[in-house]
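# Coordinates in review
Next come the chains, spelled out residue by residue.
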Amino acid sequence: AQSVTQLGSHVSVSEGALVLLRCNYSSSVPPYLFWYVQYPNQGLQLLLKYTSAATLVKGINGFEAEFKKSETSFHLTKPSAHMSDAAEYFCAVSGYTTGGGNKLTFGTGTQLKVEL
Amino acid sequence: EPEVTQTPSHQVTQMGQEVILRCVPISNHLYFYWYRQILGQKVEFLVSFYNNEISEKSEIFDDQFSVERPDGSNFTLKIRSTKLEDSAMYFCASSERGGNQPQHFGDGTRLSIL
């Protein structure tokens, strides 16, 4: 079974400060890892994905994440927070299934607040 | 950019009634999914669908649930006899292929059971 754990249900940063959202995964097979963002009253938007091509993955809106197998982590970072980054962020893991789809297993989410 | 669209955005239904949630996946995508998010809880997988059949389903997806692709564009989730605990946000998603392809989500349908 696969799972992800997001440490910190709420994170607050100042505008311009580093954003670090933590995600640890558990998987018996090489994982595919994703970060999604959810703005209020909207669906889930893909930020970035890790699919074993490169350990440092760059996504949209200046976000990036680094896959560290030794630490089973896939933390999301952004060097300088902007007010528009305030949203809920979800880490997700999937693995290839016999049916061919890739069922996503989500973490509990981290609400990011950006303060002036 | 193509997107997944879901209708209605909000559905209010009496307990015991049938409800159908509708989704139009991205046109060249082959894999379709339903997820739900109960208020304050994590997003949970319900079912995946490929080549006109269910490829995987979770333990949540019991006999009260069914999915269908009635034509070349729509993908529906039916709940036969709704319960109070079915109240949640339901998300449809699609992906171009399986494996490591990212899933693209719609904005969701908020289902409220009275």
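Above this text is the structure in question.
Read on for an overview of the structure. (Residues numbered from 1 in each chain as written. Chains lettered and ligands numbered in written order. Predicted model: local features only at pLDDT ≥ 70, side-chain atom pairs only at ≥ 80, totals over all residues. Heavy atoms only, no water.)

With that settled, the discussion passes to the interface of chain A and chain B. On the side of chain B, 20 residues touch chain A, which itself brings 23 residues to the contact. Around 1900 Å² of area is buried between chain A and chain B when both sides are counted, 56% of it from carbon and sulfur atoms. Here chain A is connected to chain B by one salt bridge. Here B:Glu56 and A:Lys103 are joined by a salt bridge, their closest N and O atoms 3.6 Å apart. Where chain A touches chain B, the interface holds three residue pairs in polar contact (both at pLDDT 80 or more). (Contact = heavy atoms within 4.5 Å. Buried area = accessible area lost by both parts, 1.4 Å probe. Salt bridge = Lys/Arg side-chain N within 4 Å of Asp/Glu carboxyl O. Polar contact = N/O pair within 3.5 Å; in protein donor to acceptor, adjacent residues only side chain to side chain.)

Quick look at the packing of aromatic side chains now. Both the distance between ring centres and the angle between the ring planes are used here to describe each pair of aromatic rings. In total, this model carries 19 aromatic pairs over all chains according to the counting rule given. When the centroid spacing of 5.3 Å and the interplanar angle of 80° are considered together, the rings of A:Tyr36 and B:Phe105 count as edge-to-face. Of this pair, A:Tyr36 sits in strand β4 (residues 32–38) while B:Phe105 sits in strand β10 (residues 104–105), which puts the two residues in different chains. Of the residues examined, A:Tyr36 reaches a relative accessible area of 0% and is grouped as buried. Classification of B:Phe105 as buried rests on a relative accessible area of 9%. Between A:Phe90 and A:Phe106 the ring centres are 6.2 Å apart and the planes differ by 90°, which places this aromatic pair in the edge-to-face class. Of the two residues, A:Phe90 is situated in strand β9 (residues 87–94) and A:Phe106 in strand β10 (residues 105–106); the sequence distance between them amounts to 16 residues. A:Phe106 shares its class with A:Phe90; the two are buried. Each residue in the set A:Phe34, A:Tyr36, A:Phe90, A:Phe106, B:Tyr33, B:Tyr35, B:Phe45, B:Phe91 and B:Phe105 is aromatic and connected to the rest through ring pairs, giving one cluster. (Phe/Tyr/Trp six-rings, centres within 6.5 Å; stacked < 30°, edge-to-face > 60°. Helix = DSSP H or I, 4+ residues; strand = E, 2+ residues; numbered from the N terminus. Buried < 20%, exposed > 50% of the residue type's maximum accessible area, 1.4 Å probe, protein only.)

Turning our attention to the state of the cysteines. On inspection of all chains with the given rule, the structure shows two disulfides over all chains. With a sulfur-sulfur separation of 2.0 Å, A:Cys23 is cross-linked through a disulfide to A:Cys91. The disulfide joining A:Cys23 to A:Cys91 has a torsion of about -60° about its S-S bond and is therefore left-handed. Of the two residues, A:Cys23 is situated in strand β3 (residues 19–26) and A:Cys91 in strand β9; the sequence distance between them amounts to 68 residues. A relative accessible area of 0% places A:Cys91 in the buried class. Paired by a disulfide, B:Cys23 and B:Cys92 hold their sulfur atoms 1.9 Å apart. An S-S torsion of about -65° defines the bridge between B:Cys23 and B:Cys92 as left-handed. (Disulfide = S-S within 2.5 Å.)

Residues and elements named next belong to chain A. Taken as a whole and assessed by the stated rule, the structure comprises six salt bridges over all chains. For Lys-78, the salt bridge is made with Asp-85, and the minimal N-O distance between the two is 2.9 Å. Each member of the pair, Lys-78 as well as Asp-85, carries the same accessibility label: buried. With a shortest N-O distance of 3.7 Å, Glu-115 and Lys-113 are connected by a salt bridge.

Residues and elements named next belong to chain A. In this structure, Asp-85 sits in the loop between β8 (73–78) and β9. For Asp-85, the side chain forms a polar contact with the side chain of Lys-78, separated by 2.9 Å. Discounting chain neighbours no more than four positions away, the residues touching Asp-85 are Phe-63, Lys-78, Ser-80, Leu-112 and Val-114.

Residues and elements named next belong to chain B. Taken together, four strands build an open sheet; the order of strands is β1-β3-β8-β7 and the sheet is antiparallel. Two strands lie at the open edges of the sheet, namely β1 (5–7) and β7 (65–68), each paired on one side alone. The average undirected angle you get between the axes of adjacent strands in this sheet is 20°. (Pairing = 2+ DSSP bridges. Axes fitted to C-alpha atoms, helices over the stretch in contact; angles between N-to-C directions.)

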